[in-house]
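Below are the chains, spelled out letter by letter.
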Amino acid sequence: MSKTETAAPKVESSARQKLETYRVYVITWNVGSRFPDNISLRQLLGLQGEASGDAAQELPDIYAIGLQEVNAQPQHQVLGLFKEDPWTHKAKHLLRDYNYVAVKTEQMQGLLLTMFVRRPHVEHLKDIEAEFTRTGFGGIWGNKGAVSVRFTLYGCGLVFVVAHLAAHDHQLDERIEDYKQILESHHYHVKRYREIYDHDYVFWFGDLNFRLEGNDSATEVRDALRDDTKHEELLQRDQLYQVRERTQKAFQVLHERLPAFPPTFKFKEGTSEYDMKRRPAWTDRIMYAVQPLNRQPGMQLAIEQCSYKSHPAYNISDHKPVTSDFTIKLYPNYRAPGITFSPVSVWKIGDENTVEYRKHAEFEEGPNDWIAIYGIDYASLADYVAYEYVNQAESPTSSDSNHERDYFEMPAPTPHRSHHHHRNRQRLRRQQEANEELVRLDFADDVDLRHGEQYVLIYFRSTGLRGVTSIAHISGPFVAEKRSGSPHRTEYHVD
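Definitions and cut-offs
- Residues numbered from 1 in each chain as written.
- Predicted model: local features only at pLDDT ≥ 70, side-chain atom pairs only at ≥ 80, totals over all residues.
- Heavy atoms only, no water.
- Buried < 20%, exposed > 50% of the residue type's maximum accessible area, 1.4 Å probe, protein only.
- Helix = DSSP H or I, 4+ residues; strand = E, 2+ residues; numbered from the N terminus.
- Arc of directions from axis to C-beta.
- Contact = heavy atoms within 4.5 Å.
- Core = buried A, V, L, I, M, F, W, Y, C linked by side-chain atoms within 4.5 Å.
- Lys, Arg positive; Asp, Glu negative; His and termini not counted.
- Salt bridge = Lys/Arg side-chain N within 4 Å of Asp/Glu carboxyl O.
- Polar contact = N/O pair within 3.5 Å; in protein donor to acceptor, adjacent residues only side chain to side chain.
- Patch = residues over 30% accessible without salt bridge, like charges linked within 9 Å, V, L, I, M, F, W, Y side chains within 5 Å.
- Areas by Shrake-Rupley, 256 points an atom, 1.4 Å probe, with all protein chains shown as cover.
- Charge placed at Lys NZ, Arg CZ, Asp CG, Glu CD.
- Pairing = 2+ DSSP bridges.
- Axes fitted to C-alpha atoms, helices over the stretch in contact; angles between N-to-C directions.
- Phe/Tyr/Trp six-rings, centres within 6.5 Å; stacked < 30°, edge-to-face > 60°.
- pLDDT = per-residue confidence, 0-100.

Quick look at helix α7 (residues 218-225) now. If you check which residues of α7 are buried, you get Ala218, Val221, Ala224 and Leu225. The buried residues of α7 occupy an angular sector of 130° when the element is viewed end-on, so they sit on one face. Taken together, the buried residues of α7 touch α8 (231-236).

Encoded structure:
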């Protein structure tokens, strides 16, 4: 599929309209503070085919990549304020060829969650919000805990929680307390979806650190794993299975297909051999839940865990990554009220340019709404070139590509302090027309676009509450051109 095509979701054929099917692909991996410099992520991401053709059509609609023990040394955290984490960067540059956009990244020390969505769905993302909970050292340290990203897509609320719970065999009670603390501390600012389990779909995954009950030695566990008939017996003694199914002290709301793969911990780094100083265990897990009844009568939501496997070829840490592929049902033809951009014929570089849009009557502006300019092949919502606030006429004007971007606290951006370009005149004009409002917003003349390249506008609705952000509309593409008679920029190349 080319980057400008749209991917229509699969629709179940029936005389009666039914829910549409989408695919979600979840990854969890404890990377042991390693970097992705010399490894390929293609197999992990399930990218077996070319970026176009039938193979691309079968790719997920959503990727959720949850990592633990990402290198969180102070110098790397400071660097992360100005550039992407290397894992996010590598995944983004691989997935961009398959028409994906990084829509949100949240990091808490070594915990990292990045969400990718296929480009046609980006415009339908509403109420994107991230949250985190520290559980290490009594809740004051973020080496353990959870980060999450939630959003609403086609009328359904989805939340993705990646966690790293207390380690060691004997710390079962601490893991249960970590779970309870995450539930009690995680609160969102979106109506109807205040808590994790308020959501229509919940994905909870990570290095949950649950071990095996019993006093087996590491050698005895390894020997048992060589006997296929004892695999299920070991899983019956898995602590997560015990607390979820039997005692119901934690995760009892969630479901999981029991792992058919070997334990993912603990390996000698650089190998696929177990380190016999520690007992092997299924520490890396992916669970899910669905609220079948939502506000659409006669349409019942559903989820299926289609695959659940580990990837033994990856050996840079003492854990193996785990992936799971799901199908979920979302509402057909769901459209939230928003705005509609008027076509931009051409963007004159060096001039002030006016953006025009119509605001639908049901659409409620947020106090921090803003409009951003993106290159047509943008791979992340953090990659805007320039922006203007809609309502803050007295705010500093557009911020160009040299501003400091925060990849973990996406819109609204913090404007840099620059001089005003619109003295003595109003930058925002409103005109009421029937059930719509026509709005014109001026962009300053310092917007740094490239001659002959294509761009799009994206309207972000931002409430100002913990970064809750919705996408109201994406414009059609337009071309940036220099003013006639303006000198061409001279570019120097060093061989």
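This part takes up the nonpolar core. Note on soluble globular proteins: their nonpolar side chains tend to be buried together. Ranked by size, the top nonpolar core spans 64 residues in total, and within it Phe151, Leu158, Phe160, Phe203 and Leu381 carry the most contacts. Discounting residues that sit within four places of it in the chain, Phe151 has contacts with Ile62, Met115, Leu125, Lys126, Asp127, Ile128, Cys156, Gly157, Leu158 and Phe160.

Next up on the list: the side chain of Asp178. Tracing the backbone through its elements, the reader meets Asp178 in helix α6 (residues 172-185). In this structure, Asp178 is buried with no salt-bridge partner, the nearest side chain bearing the opposite charge being Arg175 at 7.6 Å. If near-sequence neighbours (up to four positions away) are discounted, Asp178 is found in contact with Thr135, Leu165 and Ala166.

Okay, the environment of Asp351 next. Within the element layout of this structure, Asp351 appears in the loop between β14 (347-349) and β15 (353-360). In this structure the C-alpha to C-alpha distance between Asp351 and Asp445, which are 94 residues apart in sequence, comes to 4.6 Å. Ignoring sequence-local partners within four residues, the contact set of Asp351 consists of Ala444, Asp445 and Arg483. A polar contact of 3.4 Å, which involves the side chain of Asp351, links it to the side chain of Arg483.

A few words on a negative patch on the surface. On the surface, Asp173, Glu174, Glu177 and Glu184 cluster together into a patch of negative charge. Checked against the element boundaries, Glu177 lands in helix α6. By relative accessible area, which is 45% here, Glu177 ends up partly exposed.

An order of β13-β15-β19-β18 is seen for the four strands of this open sheet, with the pairing classed as antiparallel. With one partner strand each, in any of the chains shown, β13 (339-341) and β18 (428-433) form the two edges of the open sheet. In this sheet, neighbouring strand axes are inclined to one another by 25° on average, regardless of whether the strands run parallel or antiparallel. Pairing analysis gives eight bridges linking β15 to strand β19 (residues 436-443), with the strands arranged antiparallel. Residue Tyr357 lies in a different strand from β19, and its bridge partner there is Val439.

It is worth spelling out the pattern of salt bridges at this point. In this structure the tally under the stated criterion is 26 salt bridges. For Lys266, the salt bridge goes to Asp318, with nearest N and O atoms at 3.9 Å. Within this pair, whereas Lys266 is found in the loop between α9 (239-246) and β10 (284-290), its partner Asp318 is found in the loop between β11 (303-310) and β12 (322-330), the two being separated by 52 residues in sequence. As far as the burial class goes, Lys266 and Asp318 line up, both buried. With a closest N to O distance of 4.0 Å, Glu436 and Arg358 form a salt bridge. Highlighted residues: Glu436 in strand β19 and Arg358 in strand β15, separated in sequence by 78 residues.

A few words on the packing of aromatic side chains. Inspection of the entire model under this criterion finds 29 aromatic pairs. Residues Trp370 and Tyr387 carry aromatic rings whose centres are separated by 5.6 Å and whose planes lie at 85° to one another, so their mutual orientation is edge-to-face. Remark: Tyr387 occurs in strand β17 (residues 386-389) and Trp370 occurs in strand β16 (residues 370-375); sequence separation between them is 17 residues. Taking 6.3 Å as the distance between ring centres and 85° as the angle between the ring planes, the aromatic pair formed by Tyr374 and Tyr384 counts as edge-to-face. With Tyr374 in strand β16 and Tyr384 in the loop between β16 and β17, this residue pair connects regions lying ten residues apart in the sequence.

This paragraph deals with the environment of Asp227. Within the secondary structure layout, Asp227 lies in the loop between α7 and α8. The partly exposed category is assigned to Asp227, whose relative accessible area is 29%. Within the structure, Asp227 has its side chain in polar contact with the side chain of Thr229 (distance 2.6 Å).

With that out of the way, let us pick up the confidence of the model for the chain. On average, residues of the chain carry a pLDDT of 86, and 82% of them reach 70 or more. Of the regions scoring below 50 in pLDDT, residues 393-409 engages in 56 contacts with residues more than four places distant in sequence or in other chains. Below a pLDDT of 50 lies the segment residues 415-424, which in the model reaches 28 contacts outside its immediate sequence neighbourhood of four places, other chains included.

The next thing to look at is the pairing of β19. The element β19 is largely enclosed, with a buried count of six among its eight residues. Two elements, β18 and β19, share six bridges in a ladder whose sense is antiparallel. Counted as the bridge partner of Arg430 is Val439 from β19. In this structure, the hairpin formed by β18 and β19 is closed by a connection of two residues, where Ala434 is found at a positive phi of approximately 50°.

Once that is clear, we can look at unusual backbone geometry. The omega torsion across Phe265 and Lys266 is 5°, close enough to zero to call that bond cis. You will see that Gln248, though not glycine, has its phi angle at about 55°, which is positive. Here Gln248 lies in the loop between α9 and β10.

Moving on: the pairing of β17. Of the two faces of β17, the one lined by Ala386 and Glu388 and the one lined by Tyr387 and Tyr389 are each fully buried. Pairing analysis gives four bridges linking β16 to β17, with the strands arranged antiparallel. Residue pairing across strands places Ile373 opposite Ala386, the latter belonging to β17.

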